[in-house]
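Coordinate analysis (summary)
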Amino acid sequence: MENENMNQEANRFDNQTVERPEPATIPPQVPYEYMPSADPAQQNESDNPKKHLGLAIASLILSGVSVLCCWFYGLSVIPALIGTIFGLICVIKGKKSVRIMGAVGLGLGIFGLIMGIVMIVTYAAMINWDAFNLETFRSIENIDPNNQEEVYQWMQQFFNIDIMKYSHTGYMN
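Residues numbered from 1 in each chain as written. Predicted model: local features only at pLDDT ≥ 70, side-chain atom pairs only at ≥ 80, totals over all residues. Heavy atoms only, no water.

**Points about the overall build of the protein**
Put simply, the test is: Helix and strand definitions follow DSSP, with helices as H or I runs of at least four residues and strands as E runs of at least two, each counted in order from the N terminus. Residue burial is assigned from relative accessible area. The probe radius is 1.4 Å, only protein chains are included, and a residue is buried under 20% of its type maximum, exposed over 50%, and partly exposed in between. By definition, residues are in contact when any of their heavy atoms lie within 4.5 Å.
A count of helical and extended segments in the protein gives 6 helices and 0 strands. Scanning the protein from its N terminus toward the C terminus, one meets helices and strands in the order α-α-α-α-α-α. Here the protein, with 173 residues, has 18% of them falling under the buried criterion. Across the protein, the fraction of contacts at a sequence separation of at least 24, relative to all contacts at a separation of at least 6, is 55%.

**Some thoughts on the side chain of Ser76**
On the secondary structure map, Ser76 appears in the loop between α2 (53–68) and α3 (77–93). Ignoring sequence-local partners within four residues, the contact set of Ser76 consists of Ser66, Cys69, Cys70, Gly112 and Gly116.

**Some thoughts on the packing of aromatic side chains**
Definition in use: Under the pairing criterion, centres of Phe, Tyr and Trp rings, with the six-membered ring standing for Trp, must be within 6.5 Å; the plane angle then separates stacked pairs below 30 degrees from edge-to-face pairs above 60, leaving the rest tilted.
Applying the stated criterion across every chain, the model contains 5 aromatic pairs. An angle of 20 degrees between the planes, with centres 5.0 Å apart, marks the rings of Phe137 and Phe158 as stacked. Within this pair, whereas Phe137 is found in helix α5 (residues 134–138), its partner Phe158 is found in the segment after α6 (148–156), the two being separated by 21 residues in sequence. We classify Phe137 as partly exposed; its relative accessible area is 39%. Site record: aromatic cluster; members linked through ring pairs are Trp129, Phe132, Phe137, Trp154 and Phe158.

Below is the structure:
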C-alpha cells in the first residue's frame, strides 16, 4: 500500500509541467567614464593636506645629504639644488605642516648649495691650471713609478699647495 501511494505521488509530479523562467537578460555594459563634479571649487588640488608631503620629505632628505656631503668635491651641489627646488614648491603650495618642512628643506638646501660652491671654488684654487697641458702629462713617462719622491714631485706641479705635508706615507719624514 505504501508503494501505491508513492507511485501515485510520483505520477502526480510527472504529469505536471514545470515552467522554467526565462534567463534574465543582462543589460549591455557601458564603459565607465569619469564624470568630474560640476562644482570646480570641489576640485581644488590644495584641499588635500598631504599633497606635497612627499616633496617636503624629499627636500629634507636631499638637503640634509647635501650638507653632510659638502666636502665631497662639490658633488653635494646636485642634491642641494633638487632639495632647494622641492622645498620652494612646498613653501609656495603646501599647507602649514608641509610648508614648515619645506622651509627647513629650503634652508638646508640653500646652505648645502653655498657650501658645495665654496668647496668647488676652494678645490679649483688649489690647482695650478698653467700646468695642465699635454707636455706635463707626457712627462710622466720619464719618472720611475717606484721612486716615491719623483712621483710626488711630478704630482706637485699640478697643485698650488704643498701636497707633501698631506702625505700619509713615510716620505714626509
